[in-house]
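As a plain string of letters, each chain reads:
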Amino acid sequence: MAKLYIVPTPIGNLDDITIRSIKTLEEVDLILCEDTRRSKKLLQHLNINGKLRSHHKFNEHNEVDTIINKIKEGASVAIISDAGTPGISDPGFLIARTCLNNDIEIECLPGPTALIPGLLVSGISADKFVFEGFLPIKKGRKKRLSNLSSEERTMIFYESPHKLIRTLMDFKASFGSNRRISVSRELTKLYEETLRGTISEIIDSCEKKKPKGEYVIVVEGIEK
Ligand code: SAM
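This is a predicted model, so every value here is computed, not measured.

Here we look at the domain arrangement of the protein chain
Each domain of the protein chain was delimited in the assignment, giving domain 1 (4–108) and domain 2 (115–219). When each unit is reduced to the centre of its C-alpha atoms, the spacing between domain 1 and domain 2 is 29 Å. On the side of domain 2, nine residues touch domain 1, which itself brings six residues to the contact. Taken together, the two surfaces of domain 1 and domain 2 that pack against each other cover about 500 Å², and 65% of this comes from carbon and sulfur. Taken as a group, Ile11, Ile88 and Ser89 account for 73% of the area that domain 1 buries against domain 2, more than any other trio of residues on that side. At the surface where domain 1 touches domain 2, the tally comes to one residue pair in polar contact (both at pLDDT 80 or more). In terms of residue class, the side of domain 1 that touches domain 2 is built from two nonpolar, three polar and one charged.

Side note on the packing of helix α6 (residues 141–148) against helix α7 (residues 164–175)
At a closest axis distance of 9 Å, the pairing of α6 and α7 adopts a crossing angle of 45°. The orientation of α6 relative to α7 falls into the category oblique. Judged by the sense of rotation from one axis to the other, the crossing of α6 with α7 is right-handed. Packed against α6, whose contacting residues are Arg141, Leu145 and Leu148, the element α7 presents Arg166, Thr167, Asp170, Phe171, Ser174 and Phe175 at the interface. In terms of residue class, the contact of α6 with α7 is built from four nonpolar, two polar and three charged.

Quick word on the layout of surface pockets
By volume, the largest pocket amounts to about 790 Å³. The wall of the largest pocket is formed by 29 residues, among which Ser89, Asp90, Phe134, Tyr158 and Glu214 lie closest to the centre. Elements supplying a minimum of two residues to the lining of the largest pocket: β7 (154–159), β8 (180–185) and β10 (215–219). Partitioned by chemical class, the residues of the lining of the largest pocket number twelve nonpolar, seven polar and ten charged. Counting residues domain by domain, the lining of the largest pocket receives three or more from each of domain 1 (4–108) and domain 2 (115–219). Around the second largest pocket, the lining comprises 13 residues; the ones closest to its centre are Ser125, Lys128, Glu152, Arg153 and Lys224. By residue class, the composition of the lining of the second largest pocket is two nonpolar, three polar and eight charged.

Rules of the game
- By convention here, each chain's residues receive numbers from 1 onward along its written sequence.
- Reporting of local features is limited, given that this is a predicted model, to residues whose pLDDT is at least 70; pairs of side-chain atoms are given and counted only at 80 or more, and all residues count toward the totals for whole chains, interfaces and linings.
- Only hydrogens and water are removed before side-chain values are computed, so all heavy atoms of the structure are retained for them.
- Here the bounds of each domain stem from an automatic or database domain assignment.
- The contact criterion used throughout is that any non-hydrogen atoms of two residues lie within 4.5 Å.
- Note on terms: buried area is the combined drop in 1.4 Å-probe accessible area of two parts once they are placed together, counting the loss on both.
- Pairs of N or O atoms within 3.5 Å make up the polar contacts considered here, provided that, within protein, one atom can donate a hydrogen while the other can accept it, and that residues adjacent in sequence are counted only when both atoms are side-chain atoms.
- Residue polarity is assigned by list, with Asp, Glu, Lys and Arg as charged and Ala, Val, Leu, Ile, Met, Phe, Trp, Tyr, Cys and Pro as nonpolar; anything else, Gly included, falls into the polar class.
- To get an axis, a line is fitted to the C-alpha atoms, and for a helix only the part in contact is used. The angle between two axes follows their N-to-C directions and goes from 0 to 180 degrees.
- The helix and strand labels rest on DSSP assignments: H or I over at least four residues marks a helix, E over at least two residues marks a strand, and numbering proceeds from the N terminus.
- Angle categories: roughly parallel below 35 degrees, roughly antiparallel above 145, roughly perpendicular from 65 to 115, and oblique for all the rest.
- In this scheme, a crossing is called left-handed if the near helix is turned counterclockwise away from the far one by less than a right angle; it is called right-handed if the turn is clockwise.
- Only protein atoms enter the 1 Å grid, on which a cavity is a set of points fitting a 1.4 Å probe that cannot get out and a pocket is an open set with protein on both sides within 12 Å along at least 5 of 7 lines, lining residues being those with an atom within 4 Å of a point.
- Grid points are joined across faces, edges and corners, and a volume is the space filled by probe spheres set on the points.

Dropping the structure here:
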């Protein structure tokens, strides 16, 4: 049936894709992806041919109406991103919302995303949590951190290796040096590693060894 499927793909380990995701990618008429070269490799691994169309944060606004028309004409379309679940710190939200505005059905298949394994291996409460994604680099960063300084729920952030230490320093200023955090890198990959401790302890460890890979940071909420 003509609709949009949001299809999660592995965040490292290529075995982490569901049978239903593979079937859906085989059956759809078109697969939207961020980087065609990268997604081609995944599809080759899954023995799925062609059908890729570039759809990333720089062209999604220009592309969205064309895609909507294709679905209205009867095409079934899947969106994937470079890794994990589209729409989670990745393109996906705009096309999903535009489908809904046009009475086109959307379906999100469950699957890989970095925030959940990052949270669960942290050892910090997963009862209530808030996903903050990437902090703003400049504008709005201070305000966001200041708002979060009284957050009681566990907080989850994404960060790249070259900004990790700066972000941990900002956390120390906002949350205090003794707040418990965890820093996970390369989840599901060969060199998966999680450091757990106070913000000060984790900064010490990260300064000793140059950060490498992609990171999920989990911060304990403030005590009530
Ligand atoms: N859509 C993805 C998801 O569902 O998690 C997130 C995409 S976002 C552009 C990329 C960020 O996700 C990385 O900078 C890192 O913070 C996090 N990430 C993705 N894969 C990861 C992994 N294998 N280990 C740790 N963090 C990861």
